[in-house]
Amino acid sequence: MARHSLALDDTLHDYLLSVTLREHPSQRALREATAAWPRAGMQIGAEQGALMSLLVKLAGARRAIEVGVFTGYSALTVALALPPDGRLLACDISDHDTVIGIPHWQAAGVAHRIEFVVAPADQTLAARLAGGEAGSYDFAFIDADKTGYDRYVELCLQLLRPGGLIAIDNVLWGGAVARPAEGDADTAALQALNAKLHADERVDLAMLPIGDGVTLLRKR
Ligand code: CA
């Protein structure tokens, strides 16, 4: 039987970062600022940022979507990976956490690539669809309220072009998805989404055990 993914202890995780991480100084500064912020664990890990940067470039993305911005580390990462004329539509229900990230977007010289919209993301994305933007995006990252994921995936599938890529965060939910949800709405929502996507003929998919689990979908 093939071995499972290697469990990383702190030493091996530090090694992984030491031989792969190429953070922009603003990324490092924002990661350090976020570490001192409440709920800092909501930020994606640096190695996950490196993966997203690579995916954005592989997809040749010019137009990207983010659902769930938090302090803005992932938005900064995507914006840095976009070409000079690239644009990221960054959606969050609040700017409470993002205020600490915006100065770092500016310091990195990519703030003009990020359109930050404070509103329920499903409303923002539905408005873009109504505005004729279906099929015009290349990449989406979903990392927000888990019970909203299914709706965000459906909207992003419509907004993406064929061949476009969606990355969904927290799909392993600390391991809870492999056990009965027992009334936990977030766990149940992630279980239902994971099962649905497994059978979804509209996408190619892979699930990576990086961070808290990331599903990658390629729109067919
Ligand atoms: Ca997350």
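Structure's up top.
The text that follows walks through the structure, step by step, so that each part is easy to find.

Calculation notes
Residues numbered from 1 in each chain as written. Predicted model: local features only at pLDDT ≥ 70, side-chain atom pairs only at ≥ 80, totals over all residues. Heavy atoms only, no water. Donors = N, O, S within 2.8 Å, 3.2 Å for Na, K, Ca; no water. Buried < 20%, exposed > 50% of the residue type's maximum accessible area, 1.4 Å probe, protein only. Helix = DSSP H or I, 4+ residues; strand = E, 2+ residues; numbered from the N terminus. Polar contact = N/O pair within 3.5 Å; in protein donor to acceptor, adjacent residues only side chain to side chain. Contact = heavy atoms within 4.5 Å. Pairing = 2+ DSSP bridges. Right-handed = clockwise from strand over helix to strand, strands pointing away.

## Topic: the coordination of the calcium ion
(1) Moving on: Protein-derived coordination of the calcium ion comes from D143 (OD), D143 (OD), D169 (OD) and N170 (OD1), at a distance range of 2.2 to 2.7 Å.
(2) Moving on: Donor residues for the calcium ion sit on one chain with the sequence pattern D-x25-D-N. Grouping residues by exposure puts D169 and N170 together as buried.

## Focus: the side chain of T77
(1) Moving on: Within the secondary structure, T77 sits in helix 4 (residues 73-81).
(2) Moving on: Relative accessible area serves as the criterion here: at 2%, T77 is assigned to the buried category.
(3) Moving on: Among the polar contacts listed, one links the side chain of T77 to the side chain of Q27, at a separation of 2.9 Å.
(4) Moving on: When residues no more than four places from it in sequence are discounted, the contact partners of T77 are Q27, G49 and S53.

## Regarding the pairing of strand 5 (residues 160-169)
Consecutive residues of a regular strand have side chains that alternate between opposite faces of the sheet.
(1) Moving on: The buried count for strand 5 comes to 7 of 10 residues, which makes it a mostly enclosed element.
(2) Moving on: Relative to strand 5, strand 4 (residues 137-142) runs parallel, the two sharing 5 bridges. When the bridges of strand 5 are listed, F141 appears paired with A167.
(3) Moving on: In terms of handedness, the path from strand 4 via helix 7 (residues 149-159) over to strand 5 forms a crossover that is right-handed.
(4) Moving on: Sheet analysis places strand 5 next to strand 7 (residues 214-219), joined by 5 bridges and oriented antiparallel. In the strand pairing of strand 7, A167 is matched with L216.

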